[in-house]
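Structural overview for review
The residues making up each chain are set out below.
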Amino acid sequence: MVGWELRTNEGSTILMAYGLQILIYVSLFCLAFGLFFKWDTNQNIGKPIREISAASKAIALGDTDIRLEYQSNDEIGELTNSFNNMISSTIAQSDMLEHISNGDLTVSPQLRSPNDRMSLSMRSMTNKLKQTISSISSGAQQVLRGSQQVADGAGMLAQGSIEQASAIEELSNTMLSI
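Residues numbered from 1 in each chain as written. Predicted model: local features only at pLDDT ≥ 70, side-chain atom pairs only at ≥ 80, totals over all residues. Heavy atoms only, no water.

**Details of the overall build of the protein chain**
- Assigned secondary structure in the protein chain consists of three helices and zero strands.
- Counted from the first residue to the last, the protein chain has its helices and strands arranged as α-α-α.
- A globule of 178 residues ought to have a C-alpha radius of gyration of about 16 Å, yet the protein chain, at 45 Å, is considerably larger.
- Taken along the three principal axes of its C-alpha coordinates, the protein chain extends 170 × 35 × 30 Å.
- For the protein chain, with 178 residues in total, the buried portion stands at 14%.
- In the protein chain, which carries 12 positive and 18 negative side-chain charges, the distance between the mean positions of the two groups comes to 11 Å. (Helix = DSSP H or I, 4+ residues; strand = E, 2+ residues; numbered from the N terminus. Rg over C-alpha atoms; globule rule 2.2 N^0.38 Å. Buried < 20%, exposed > 50% of the residue type's maximum accessible area, 1.4 Å probe, protein only. Lys, Arg positive; Asp, Glu negative; His and termini not counted. Charge placed at Lys NZ, Arg CZ, Asp CG, Glu CD.)

**What to know about helix α3 (residues 117-177)**
- The end-to-end C-alpha separation of α3 is 89 Å, in line with the 90 Å expected for 61 residues at 1.5 Å each.
- By the burial criterion, the buried members of α3 are S119, M122 and T126.
- On the buried face of α3, the contacting elements are α2 (75-101). (Expected span 1.5 Å × (residues − 1). Contact = heavy atoms within 4.5 Å.)

**What to know about the packing of aromatic side chains**
- Within this structure, the stated rule accounts for three aromatic pairs.
- Aromatic side chains F33 and F37 sit 6.5 Å apart centroid to centroid with 20° between the ring planes, which places their arrangement in the stacked category. Of this pair, F33 and F37 both sit in helix α1 (residues 10-60), four residues apart, which is roughly one turn of that helix.
- Exposure remark for F37: the relative accessible area of 51% places this residue in the exposed category.
- When the centroid spacing of 6.0 Å and the interplanar angle of 35° are considered together, the rings of F36 and W39 count as tilted. In this pair, F36 and W39 are both assigned in helix α1, three residues apart and thus about one turn of the helix distant.
- For W39, a relative accessible area of 47% corresponds to the partly exposed category.
- Aromatic rings pair up to connect F29, F33 and F37 into one cluster. (Phe/Tyr/Trp six-rings, centres within 6.5 Å; stacked < 30°, edge-to-face > 60°.)

Now the structure itself:
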């Protein structure tokens, strides 16, 4: 047993060649399966996530004309639906703000949750605008009453001036006749 000698016969050489061929085919199959799995993962996970990311950036810049079209019953589909709901809610709040900016203070945003800061801010804004308009209206009524008093005073002064002019004219006529 001092020296080892590798002896092969024709049968074992064929078996080794066949085994090597199977190993190559299995390796190629695994490589093809891996590439397909990567492509499928990219299509079903990577692409929708990139679309949601791009839409998020657009929303952050004020663009609400976005709809994500990914349909699925998995977590990505749920995320897409939630994102579309967020866009719809943002559009609804933007529409309310436009009504308020056009002077419609009857708009009363509904709270979507106790932490809905935007709707709370819109409610506060409409209440403060109503108070401001009420103060302006009250001030305008006071100015109107004051101007009516000035007009009445001016009328009385004018009447007094007319009476004084008439008295002076009578006095003048009387002096001339003497």
